[in-house]
Amino acid sequence: MKLASALSLVGLLAMVGCATGRDAGWPMNPRALVGAVEQFRDLAGKDAMGTLPRFMDAEIAETFDEVTACGWVESHPFGLPKGLSKRVWEFFFNTSVYDVQYTGPQNALVAFYNPWSDVVVITMWHTDGEWMFISDAEVLAGDFLRKAGRPPYAGVPLWRRGDQLPLTAVADAANRTIRAFHNVFSPMLPTVTEKSGNLSAAEIEALSKKASDWRSLLPNLKVQKFMDANHLAAGLMLNRNFASIDTFLKSDQFASVRDECVSTLDRLRDGQIEKVLAAADETPAHTQKVLAEEMSGKWNRVSIVSFADSKAYRLVFLQTDQTADYYLCFTFRPDAAKKQWRLRRIDLINHKAYYLDKTREKEGAK
């Protein structure tokens, strides 16, 4: 699959394609787990501070406030404004992709990754045969997971580093982080024999105990100075993404881009996609087709998730409230006189397709 096709495909599934487990026979039924995870993400996206304590112990839930405090300590040294942590984590879950790694009959690790902030929430899910709940959770800077806990942990999201165009760097950050999740925790995958389902109660208990020790695969989770640095990096990146959005929405410098975004979305809501694409004439033909088919009727449910600018371009990243599996990018470039910024291109990027594309490239290189 070429990159062009990855940019045009629309996500049909959450990022659970690499999960391993049985559809029946295990108390941790994969279909039921995905349903529970989807419900958790949906509820957390609407009421994070009410949802977290419902799925996990209060002590575990406190970690989320602690990370928020780390990110905003300079601007709010005497405590967080009321509702700030709620806003931060609702945005996080609304705009995160997730992946599942089954670790035994009663347990599974689920990673929620927010590429805009480059922050990961690792959750250990457990079932008692009737209910599913989160028995443990941790907030990680993307670097912590990708580097297996080794410092330093940059306070700048991965997609904003280096020379790669941010348009695809966001999907690449998600791809690299999800792969790191699998690589780090692959030793916890059940063996073929264990997956057979013919396990005694003692064997099931042993697998559950092994799963509960997931932190041992990232030893620096147990080192306070590294965890302090990790939480600071995660908090700063959450803060900086919010700052990029606020700057775009409030700064006079970006007023013309803001105005054109508003007018463009108004035309798209009115079904005038041909007029929009006539102006945004750098939009690839395959993307034009997908936009017309897949985004029809959804333009009134789009919101900004990040913003990036340079001398050569200004990128406005958007997402629908239906899924975080794909995102839109409006690319603005200056006119010849460099006095006016114009929308030149629209892209629809799919995390799932990008991940599969990179998987095929890797397999083809072997």
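If you're wondering where the values come from, they're calculated on a predicted model, not measured in any experiment. (Residues numbered from 1 in each chain as written. Predicted model: local features only at pLDDT ≥ 70, side-chain atom pairs only at ≥ 80, totals over all residues. Heavy atoms only, no water.)

Novice: Can you explain the overall build of the protein? Please cite residues and give values.
Specialist: Helices and strands together make up the secondary structure of the protein, namely 14 helices and eight strands. Within the protein, the proportion of its 366 residues that are buried is 53%. Taking as baseline every contact in the protein between residues at least 6 positions apart, the subset at least 24 positions apart corresponds to 64%. Accessible surface for the protein amounts to roughly 16,600 Å². Of this, 52% is attributable to carbon and sulfur atoms. (Helix = DSSP H or I, 4+ residues; strand = E, 2+ residues; numbered from the N terminus. Buried < 20%, exposed > 50% of the residue type's maximum accessible area, 1.4 Å probe, protein only. Contact = heavy atoms within 4.5 Å. Areas by Shrake-Rupley, 256 points an atom, 1.4 Å probe, with all protein chains shown as cover.)

Novice: Go over the confidence of the model for the protein, please, and point to the residues and values.
Specialist: Caution is warranted with low-pLDDT regions, since their predicted coordinates should not be read in detail. Taken residue by residue, the protein gives an average pLDDT of 88. The fraction at 70 or more is 90%. Within the protein, helix α1 (residues 3-8) has the poorest average pLDDT of any element, 33, and helix α6 (residues 142-146) the best, 98. Considering only residues more than four positions removed or in separate chains, one finds that residues 1-24, a stretch of pLDDT under 50, has 68 contacts. (pLDDT = per-residue confidence, 0-100.)

Novice: Outline the environment of Trp125, listing residues and values.
Specialist: Here Trp125 shows up in strand β3 (residues 119-127). Classification of Trp125 as buried rests on a relative accessible area of 0%. Distance from Trp125 to Ser135, taken between C-alpha atoms, is 5.9 Å for residues 10 residues apart in sequence.

Novice: I'd love a proper account of helix α13 (residues 285-294), names of residues and values included.
Specialist: Taken residue by residue, α13 has Thr287, Val290 and Leu291 as its buried positions. Across the axial projection of α13, the buried residues extend over an arc of 105 degrees, all falling on one side. Those residues of α13 that are exposed and aimed more than 90 degrees away from the buried face are Ala285 and Lys289. (Arc of directions from axis to C-beta.)

Novice: Go over the sheet that holds strand β5 (residues 302-309), please, and point to the residues and values.
Specialist: The sheet built from four strands is open, its strands ordered β5-β6-β7-β8 with antiparallel pairing. Strands at the two margins of the open sheet, each flanked by one partner only, are β5 and β8 (341-350). Geometrically, the sheet is characterised by an average inter-axis angle of 25 degrees between neighbouring strands, direction not taken into account. In terms of strand pairing, strand β7 (residues 326-334) meets β8 through nine bridges, oriented antiparallel. Bridging across to β8, Cys329 finds its partner in Asp347. (Pairing = 2+ DSSP bridges. Axes fitted to C-alpha atoms, helices over the stretch in contact; angles between N-to-C directions.)

Novice: Which residues make up the packing of helix α5 (residues 84-94) against helix α10 (residues 224-250), and what values go with them?
Specialist: Following both chains from N to C, one finds α5 and α10 inclined at 90 degrees, their axes separated by 11 Å at the closest point. Judged on the interaxial angle alone, α10 and α5 are roughly perpendicular. Seen from α5, the contacting residues are Arg87, Val88, Trp89, Phe91 and Phe92; seen from α10, they are Leu238, Asn241, Phe242, Ile245 and Asp246. Of the residues assigned to the contact of α5 with α10, the class counts are seven nonpolar, one polar and two charged. (Parallel < 35°, antiparallel > 145°, perpendicular 65-115°, else oblique. Nonpolar A, V, L, I, M, F, W, Y, C, P; charged D, E, K, R; others polar.)

Novice: Describe a negative patch on the surface, with residues and values.
Specialist: Residues Asp57, Glu59, Glu62, Asp65 and Glu66 make up a contiguous surface patch of negative charge. Mapped onto the fold, Glu59 is located in helix α4 (residues 58-71). For Glu59, a relative accessible area of 66% puts it in the exposed group. (Patch = residues over 30% accessible without salt bridge, like charges linked within 9 Å, V, L, I, M, F, W, Y side chains within 5 Å. Salt bridge = Lys/Arg side-chain N within 4 Å of Asp/Glu carboxyl O. Lys, Arg positive; Asp, Glu negative; His and termini not counted. Charge placed at Lys NZ, Arg CZ, Asp CG, Glu CD.)

Novice: I'd like a description of the nonpolar core, backed by residues and values.
Specialist: Membership of the largest hydrophobic core comes to 108 residues, with the highest contact counts inside it found for Trp89, Trp125 and Phe330. Considering each element in turn, this core owes the most residues, 10 residues, to helix α7 (residues 166-185). The contact partners of Phe330, leaving out residues within four places of it in the chain, are Cys261, Thr264, Leu265, Leu268, Trp299, Arg314, Leu315, Val316, Leu318, Leu343, Arg345 and Ile346. (Core = buried A, V, L, I, M, F, W, Y, C linked by side-chain atoms within 4.5 Å.)

Novice: So what about unusual backbone geometry? Which residues, and what values?
Specialist: With an omega dihedral of 5 degrees, the bond running from Pro151 to Pro152 counts as a cis peptide bond. Structurally, the position occupied by Pro152 is in the loop between α6 and α7. You will see that Asp118, though not glycine, has its phi angle at about 60 degrees, which is positive. Its place among the elements puts Asp118 in the loop between β2 (107-114) and β3.

Novice: I'd love a proper account of helix α11 (residues 255-269), names of residues and values included.
Specialist: For α11, built from 15 residues, the straight-helix expectation of 21 Å at 1.5 Å per residue is met to within 8% by its first-to-last C-alpha distance of 21 Å. Those residues of α11 that sit buried are Val257, Arg258, Glu260, Cys261, Thr264, Leu265 and Leu268. Projected down its long axis, α11 carries its buried residues within an arc of 165 degrees, all on one side. Against the buried residues of α11 lie α10, α12 (273-279), β5, β6 (314-320), β7 and β8. Backbone geometry just downstream of α11 places Gly271 in the positive-phi region, at approximately 80 degrees. (Expected span 1.5 Å × (residues − 1).)

Novice: Explain the packing of α4 against α10 residue by residue, including any values.
Specialist: Closest axis-to-axis distance for the α4/α10 pair is 7 Å, and the angle between their directions is 70 degrees. Considering the angle they form, α4 stands roughly perpendicular to α10. Contacts from Thr63, Val67, Cys70 and Gly71 in α4 reach His231, Leu232, Ala234, Gly235, Leu236, Leu238 and Asn239 in α10. Looking at side-chain class alone, the contact of α4 with α10 contains six nonpolar, five polar and no charged residues.

Novice: Provide a residue-level description of the sheet that holds strand β1 (residues 97-104), including the pertinent values.
Specialist: Taken together, the four strands give an open sheet; going across it, the order is β1-β2-β3-β4, and neighbouring strands pair in antiparallel fashion. The open sheet has two edge strands with one neighbour each: β1 and β4 (132-141). With direction set aside, neighbouring strand axes in the sheet form an average angle of 20 degrees. Note: β3 against β4, nine bridges, orientation antiparallel.

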